[in-house]
Structures are given as structure tokens and as C-alpha cells.
Amino acid sequence: MAELEALEFGKSDFVLLDEVNMEQFMENLKLRFEMGRIYTFIGEVVVSVNPYREMDIYGKEAISAYRGRELYENPPHLYAVADAAYKAMKRRAKDTCIVISGESGAGKTEASKYIMQYIAAITNPSQREEVESVKNVLLKSNCVLEAFGNAKTNRNDNSSRFGKYMDINFSFSGDPTGGHINNYLLEKSRVVHQQQGERNFHSFYQLLRGSPQTLLESYHLQGDPAVYAYTKEGAGSSANSDQSSHRAVRTALKVIGFSEDEIESIYRVLATILLLGNIQFGTEEEIVQVEGDGEVVSHIAELTSTQPQQVEKALLFRTVATGGGDVIEKGHSEQEACFGREAFSKALYERLFGWIVGRINSVIEVKDYNPMLHGKNTVIGVLDIYGFEIFDNNSFEQFCINYCNEKLQQLFIELILRQEQEEYEREGVAWQHIEYFNNQIIVDLVEQNHKGILSMLDEACLSGGRVTDTVCLDSMSSRLAQHPHYTDRKLTPADKTMEFQKHFRIRHYAGDVTYSVEGFLDKNKDLLFQDFKRLMFNSTNPVLKDMWPDGGLSITEVTKRPQTAASLFKNSIVALVDKLSCKEPYYVRCVKPNEMKSPVLFDAARCQHQVAYLGLLENVRVRRAGFAYRQGYSRFLLRYKMTCEYTWPNHLMATDREAVEAIVTQHGFQDDVAYGHTKLFVRSPRSLFSLEQERAALIPILVLFLQKVWRGALARKRCRQLRAVYAIMGCYRKHKLKAHFLEVERRLANARNMADYGRGVEWPLPPAALAQFHDITVTLHRRWWAHQVVKRIPPSEVSEVRAKVAALGALDGARKAWGVGRPWERDYLANARDCPETSSSFLRVSKELKTRDQFGLVLFSGLCRKVNRFNKSTDRAVLITDKHLYKLEPRKQYKVLKRTPLDQLTGVSLTGGADQTVALHTTSQDDFLLYLQGGALWPGQDRAGELVGSLADHFTR
């Protein structure tokens, strides 16, 4: 780290000082402040000096420089500790917190804002809309809480007058998923009274100076803060920032999710408080009344959505339940009425602030979270709480604030000093003990049960008699007389800086503070008349009604004393410390360089006082003598075992410690470590960073190796599965084929004995693989069936069947009727039944032609009408043998008119109708156009199909 900045800027880490003493510490702190270096490390603790000016060290370049880097890689900065907390949370899934401490005006609030901005900037790289929404709400909530919870004091222009602890929830991937805000001890007394030169809360001045005139008129307000009793003390401050801040706050409220009605209700409450402060009471005939014409009361009733008479009644009377259950109204004295008005004003603002915080929480809290689905939900906490305060007049509020700082200092001592030294002793690591002041004795003085100051205050508030502040002080004086950190004027009569029966002093870790006991008991009781609670609960404004749920109790129900303000505050601070102690802490220690808010003045005495009470010098000594990092052997081995060949993937040594020693020895930084009983201690962050660098380089290689092995395993598994699938598919296919064959066999087993030889059997649907085989098998079965049918035909009818089959194939459905249903005689001219008168003559002529032309078979013969090319028709007869085609004259003893060799016949044409017209085509293009006629046997029979079938059968064979 010493190499990052030149020596002219001083040492960037106080651990690097030549000698650890106050003189060198202060010299280095002053030099860095004067050179514009406001941040310095003490190991992982950041010491921040308020520069009282804008500095250009928080832009995008700075965020990029610190993102993902180790602490010592860059100069000291808030971003470094923020990134370290984020990395610890993300890498180790460990809850972390950033505790920002220091006195009022040291820059704690600004530090918390920069830390929040950094965390928002480095998260959600994928720009998911829901994550961006959460980030916007988290950032905008700072603006709103500053307006309603911060105020200008004599020591700080933007002093937090409440304590804020924000938990930011992160998903498994490191993106913010929500958050929760806890607020502590709002200084509500500031609403009604401020010290000279100070202001009320920012929100009042923003409302008066930043709202348009029309809006102010609707609230019955004027724009001048000097008009109102509660804001006139701070009326002389600048108005420019109030105007711009008011616009920013209204915008932030809308971004967070407040509705217009809710925003309107918020500012109506502020206006109500301002008007309440201007109400005056007077006495007329021993009756207390509101002075004026009652206009202010009407305006308050309008703003709170209540009735004017009910408002006036709550201001002037108190309803009391008697022991017998009766209810009576008791009128206030002027003093009681003023007390009630101020208590009501403070309560209104406190309830408003609590409601705003609760409303923000309802928006940003993680909803529907399921660890099984969403992974581990980790947290970074950011604590921005009021600093140690010493005023001229220190009252109950300063007492609580300083007690809170004592608790946080005690936590710092516990975690950084005491626990660290105890851990070295427990682990058996050589260690030089560092002396430090443990302020547990001061914490016990304030909070110890039955003995502490808070317990004495509660006893005084709960006692039945009339106990005053001075009586309580006397009790404290007698019971704490021997305590080394408590004194008062009664115990030290010579100390004239305190007054009798008024002051007591506590020697805090940050210095002696004198408290005025006046008002302690009243502020601790925090009484508010139940009438005001019922008034607000009965408001028709749902927001106001929601703020005052306890107003719904009846008068007789309100009997139990509420917890005192001190008890509530103590419980909340104890819970806060418990919450912080279970997280890994990172510290920002803020130092205020001067009281003048000057960017150049360094008040050495004041800064030295802060360094002393913050324990920074002891922190340097512990850090210098100690170790930067410690981790259990098993956890260390789990993270870094891949960097050593003897420990990857698993070591074979006797213990994890031996394996860790092997890693350390291989990397050569054995002189920079110490071995405890259960943990390894590493002195220098650089040694750890070298391990992180090597681990980061090896992770991609290991990931690729694991991916390769896993992908190979998946591929082999897939291959085995595919082989199994194919085996199953093969067996299943064989089963389906075999099942199909068996089913076919079953259905056609008796086909030979069936009347139709299985022609009517429905074949089973074949598997896809057997589709072609099925078609062939069906065809074979049909052929076998045809063969079986043909075998049954007598030999004398075979030629007729062949002719009919040939006609069927030739005509192929072209003619509906072609004589298939009758016997085919073929030689009709020789048939005595068809031609009884001329058959004998034809038989003689046929015999002569057979002898002469040597034909073997008559294919067809019959009567016909011949049509010539002149459309003249004459009666003729046709004889077709296997050798010739004869045209005969039936009236002349069947004289041969023309003989054409059959091999000259090229085709036959006929129509698709039922007529008997037939055209015989020859090669000589001397075609025959005939109209076949029936004889005596069947006069109307179709013989055209018979002629075609006989010729087709002959030519086919």
C-alpha cells in the first residue's frame, strides 16, 4: 500500500508508521488532510476526516477502480471498505455490516450515502428491472429520511437527529432484493424547542419555502418560517437549498411508492404541527380558553379531518377514568394545556416519522422469500447513527445519544481489541498484549439493571409519590457516590462548573459531559394525553388513523403504564448491538477536524482528543502486532486446495493443518503466517491476495476440466441409454413382427377350407417395418385365392373365363355393361339356337375356310351391320379366326367378301355406352366399322365386350 501514494502524502495506512505513538499518528493525519487525502487505513478500518468541501473522488472512474479489488490494491477510500464488505458477503455467504461512528459533524451521514451509492453501482450488471426498482427505493429513502430526520445544529448543518440502521438483503447472485430500516430515538423535542442558532427539522423549512403559494394557502400557511413559534429560531438560514430539497423529496416519495393522497397527508401533518405551535391559551374567570377567534383550531381540524369542537376539547380538557369506572372531564390549567399542546406536536411528528419509515419498509422488504427456491439471503448492514454530543446544555436526548455511542464503542472494543487478543491466546499464537481502555464500566453505569442510571429514572417515573428531577438526582448521588465515572455538585462541592440539584457529570470514553437533570423525568415518561390519541384515531383521514392505532382503546382500557422512553431506547440499542455482533463488521471512524466547518483548518488538539477516545492508536497497535486474516484449517483448505498439487483434489495427510502447511510452503510465505490450534493466521493481506490471484486463475481451468469430465459422463450415459433404447426397440420390433405373423397365421389358418378361401378375412394392421411385406403377402394371398378359384373351373369353360378376364383388363371400367354375366358362345353363326336357319350353311363355309386357310380356332363370329365411309349400312357377318378376319355376306350363303390377315389388326375401338358399335383398326388403315347384332338366342345381348375379350385373350397369349 505504501507504493500507491508518494511519501509527500504521508502513510496511507497507519500500520506503516515508523513508530506507533500519538505524535506520529497526528502528524500523518494532519499531512494527509492538508494534501487532500481524507481517508487513511488502519488495516480494514477506514479513518475519515470531514473535508468540509466537495471532492471529485466519487465518480464512475473511482467506482470502476475499486470494484472487485482487494483493500491494499488502491489508495484508502470508503469504496474500498464497501467493496470488502460486499465481497465477504458474496464470496463466503456471510452477513456483514459497516459501522460508521464519530461525533456529530464528522461526516457519518455523507459516508453512509457514498457507501449506498457504491453498492448500488456495482450490483445488477444485467439491469434487471425488479432489482433496479429496489436500488432506486433504497437510494431515494436516504433523501426522505434526511428531510424528516435531520436538522441544522451549531456543530453540523445536516445533523442526523435520529439513529438509522439499514439492512440490505442480497440474493444468491449478489443483487439487492430488498432491505429494512430501523430508526432509533428521534429527537422529537426539537420540534418544539431548538437551541439558539439551530433549526427545526429540514422538512418544516422545505414545506414553507419550497411549496407554491397556492399549496401553502390550502394548508393555511405563510411562506415565512419566522411566523411560526416552532421554526422562527432557524428562520435566518438560506432558503435556496430548502426549495430544491423540497422538490427532490416529493420526487423521492413518488419513486418509493407513496400515493398522492399519502404525500398530501404527510404535509398536512407538518402544517398541523406549525399551527399548533402558534396556539396560545388564556384564562377567563378561571377557565382556560384558546385565545383568538378559533380560526386556527378550525384550520387544524380541517387539516386533520376532525371536528373543530373535538380539537378544542382535546386541547383544553382531559378525560379521566375514576376507580369506579366513571368517566369525568378535567379542565387543564394554562401550564397543562401548553404541556399537552407540545406533547401532541412532538407525538404527531414522531408518529409521522415512524409511519414514513414503516411505509418505506413495506415497499423494500423482501416478499415471498423461499430459501429453497431463491438460495441463501445474505445481508449488508449500514449503521448511521448520531455521534457523541457535548453541548452547553445537555439534556435527556444527549444522555441517550452518548449512551448509544458508549455501546457502539464497547462493541468496537469487543470485536477489534478484546476478542482479537483473546483469540490469539485461545489459539496459542505468540502475542504481545496491548493495553486499552474498556468502557464496559461506563455502559454498566448507564444500563445495569437496578443499579444503572436508566433503572433509577424508571423507578422514579413508576413510583407512586410526587418525585421530581432533583429528588431523582439526590437518589443517584447517594447510590453512585463511589462510582469512578459519576459525579455531581453534591459529591464534589468545589466544582463550580456544576450547580446544586441540577447537574451531574459522567466521564464518558469521549470526555466528561455535564447533564442538566431538568426535564429528565418528563421526557422519560413521554406522557401524551389519551384524548389526543382518540382524536387522531377518529380522523376520517386513513393515513392519520393508521398512525394512531392505540387511539381505538376505550378510556377504561388505558390503565397499564407504557414503557418509558429510556427503556424503549435501551432495548432497541441492545437489540441493535446484538444484530451487529452476529455480523462481520467493517468500520468507518469519522473525525471532525475543526468546529468552524473550515476546509483548511486542522485543530490538532480537538482531533487528538477524538483519536484518543475512538481508540485508534490501540487499534493500530493491535493491527500491527496482529494478523490481517484468520480462517479455520478446513475452510482455508476448502478455498485454496486447488493451488497446491499435494492437496488437490483431496489430501492424503494426517490432518488438515498439515495440508494447509503444504499450501503455505509451496507458495513461500511461511514466514508470514502463524499456526493456531484450529486456525491459520496470515499477517499480510498481500499473501492472501497472491492466493486469491492464483485461485482466480485456476478456477476457469478447473471449471473447464469439470465440464469436460461431466460432459463426457453425460455423453457416456446418453450413449448407454441410446444403446438400451435401440436394444429395447429391436426387441419390441421383433415382438411386433412376430405378433403380426402369428396374428396373420391365426386369421388365415383355415383359409383353404373356407368357401371364399379367406377372401373376406380382414388382415391385421401391419407395423411400419412390414408395410411393403404386408402388401406383397396380400398380393400373394390374392393370387393363391385366384389360383384356387381358377382350379375349380371346368376345362370347357377355361377359354371363356380367360376371355372375360382379358375383357375386364382391357375395358378397365370404361363400359358398365359388356356381357360378363352371360355365357360366351363366341361362334354364334355356327350355333343352331342363335341362327337356326343359316347355321348349317355357315358350318359348311367354315369347314371349307379351315381346310383352305388352315386356322385352328374361331375367336368370334356373328351377325352385324357394316357402315361404309359414305354412311351406308348393310347386313353382314363377321368371322374372326386365329389367322384371318373375314367379312361375309349372310344372304349369299356366307360368301367371303373380304379376308384380312389377323396380324394386320392393330386395335379395337368401341364407345363407353351400351351400343354395339365396334371399330377394327388395321395396318392398311382399311378399318372395319361394325354394329354387332344379336341372334335368336339373346336378341338384346352385349357382344362388343365378348369380341374385345376374345381378341385381347388371343393376342395376350
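Values in this document were obtained by computation on a predicted structure and should not be read as measured data.

Attention now moves to the pattern of salt bridges. Applying the stated rule across the entire model yields 43 salt bridges. When the shortest N-O distance is used, the salt bridge between E447 and K407 registers 3.3 Å. Placement of E447 in helix α15 (residues 440-447) and of K407 in helix α14 (residues 396-427) is noted, with a sequence separation of 40 residues between them. Judged by relative accessible area, which is 12%, E447 ranks as buried. Looking at K407, the relative accessible area reads 9%, which means it is buried. Where salt bridges share partners, they join E103, K592, E595 and R606 into one cluster.

Counting residues in hydrophobic clusters, the biggest one holds 110 residues, and the most contacted among them are F148 and L221. Each residue touching L221, except ones within four places of it in the same chain, is listed here: L207, L208, L216, Y228, A271, L274 and L275. The next biggest cluster of nonpolar side chains, apart from the first, holds 70 residues, and it includes F33, I42, L445 and V577.

Taken together, the side chains of L722, V725, Y726 and M729 define a hydrophobic patch exposed on the protein surface, amounting to about 350 Å² of accessible area. Residue position: Y726 is located in helix α26 (residues 685-748). Take Y726: its relative accessible area is 53%, and that puts it in the exposed class.

Here we take up unusual backbone geometry. Although it is not a glycine, Q854 adopts a positive phi angle of roughly 60°. For Q854, the position within the fold is in the loop between α29 (839-853) and β20 (858-867). Judged by its relative accessible area of 54%, Q854 falls in the exposed class. One non-glycine residue, Q893, lies in positive phi territory at about 55°. Within the element layout of this structure, Q893 appears in the loop between β22 (884-889) and β23 (895-901). On the basis of relative accessibility, which here comes to 46%, the residue Q893 falls in the partly exposed class.

This part takes up the side chain of D853. Its place among the elements puts D853 in helix α29. Given a relative accessible area of 11%, D853 falls into the buried group. One polar contact links D853 to R899, side chain to side chain, over a distance of 2.6 Å. Excluding residues that lie within four positions of it along the chain, D853 makes contacts with K883, H884, Y886 and R899.

A large share of helix α16 (residues 453-462) lies buried, amounting to eight of its ten residues. By the burial criterion, the buried members of α16 are I453, L454, S455, M456, L457, D458, A460 and C461.

Looking now at the side chain of T378. Mapped onto the elements of the fold, T378 is located in strand β12 (residues 378-384). Taking relative accessible area as the criterion, T378 reaches 4% and is therefore assigned buried.

Our focus in this paragraph is the packing of aromatic side chains. A complete count under the given rule lists 30 aromatic pairs for this structure. An angle of 75° between the planes, with centres 6.4 Å apart, marks the rings of Y66 and Y79 as edge-to-face. Taken as a pair, Y66 in helix α2 (residues 60-66) and Y79 in helix α3 (residues 78-92) lie far apart in primary sequence, 13 residues in all. For Y79, a relative accessible area of 1% puts it in the buried group. Each ring, one from F504 and one from F520, has its centre 5.8 Å from the other, and the planes form 80°; the classification is edge-to-face. Taken together, the positions of F504 in strand β14 (residues 503-508) and F520 in helix α18 (residues 520-525) put the pair 16 residues apart, joining distant regions of the chain. Exposure class is identical for F504 and F520. Each is buried.

With that settled, the discussion passes to the packing of helix α24 (residues 633-640) against helix α25 (residues 656-667). Relative orientation of the contacting elements α24 and α25 amounts to 45°, with a least axis distance of 9 Å. In this view, α24 runs oblique relative to α25, as classed from their interaxial angle. Our pair here, α24 against α25, has a crossing hand that is left-handed. Residues Y633, S634, F636, L637 and Y640 of α24 lie in contact with α25, whose contacting residues are D656, R657, A659, V660 and I663. Within the contact of α24 with α25, the residues separate by chemical class into seven nonpolar, one polar and two charged.

What follows concerns the confidence of the model for the chain. Regions with low pLDDT should not have their predicted coordinates read in detail. With 95% of its residues at a pLDDT of at least 70, the chain reaches an overall mean of 86. Looking across the chain, the model is least confident in helix α13 (residues 371-374), with a mean pLDDT of 55, and most confident in helix α9 (residues 260-277), with 94.

The next subject is the sheet that holds strand β15 (residues 511-516). Pairing between sheet strands relies on hydrogen bonds along the backbone, with the strands arranged either parallel or antiparallel. One open sheet holds the three strands; their spatial order is β13-β14-β15, and the pairing between them is antiparallel. A single partner strand is all that each edge strand has here, and the edge strands are β13 (486-488) and β15. When strand polarity is set aside, the average angle formed by the axes of neighbouring strands in this sheet is 25°. Here β14 runs beside β15; their pairing, made up of six bridges, is antiparallel. Counterpart to F504 in the pairing with β15 is Y515. Sheet contacts for helix α17 (residues 469-479): β13 and β14; angle to β13, the most-contacted strand, approximately 130°.

What counts as what
Residues numbered from 1 in each chain as written. Predicted model: local features only at pLDDT ≥ 70, side-chain atom pairs only at ≥ 80, totals over all residues. Heavy atoms only, no water. Salt bridge = Lys/Arg side-chain N within 4 Å of Asp/Glu carboxyl O. Helix = DSSP H or I, 4+ residues; strand = E, 2+ residues; numbered from the N terminus. Buried < 20%, exposed > 50% of the residue type's maximum accessible area, 1.4 Å probe, protein only. Core = buried A, V, L, I, M, F, W, Y, C linked by side-chain atoms within 4.5 Å. Contact = heavy atoms within 4.5 Å. Patch = residues over 30% accessible without salt bridge, like charges linked within 9 Å, V, L, I, M, F, W, Y side chains within 5 Å. Areas by Shrake-Rupley, 256 points an atom, 1.4 Å probe, with all protein chains shown as cover. Polar contact = N/O pair within 3.5 Å; in protein donor to acceptor, adjacent residues only side chain to side chain. Phe/Tyr/Trp six-rings, centres within 6.5 Å; stacked < 30°, edge-to-face > 60°. Axes fitted to C-alpha atoms, helices over the stretch in contact; angles between N-to-C directions. Parallel < 35°, antiparallel > 145°, perpendicular 65-115°, else oblique. Left-handed = near helix turned anticlockwise from the far one by under 90°. Nonpolar A, V, L, I, M, F, W, Y, C, P; charged D, E, K, R; others polar. pLDDT = per-residue confidence, 0-100. Pairing = 2+ DSSP bridges.

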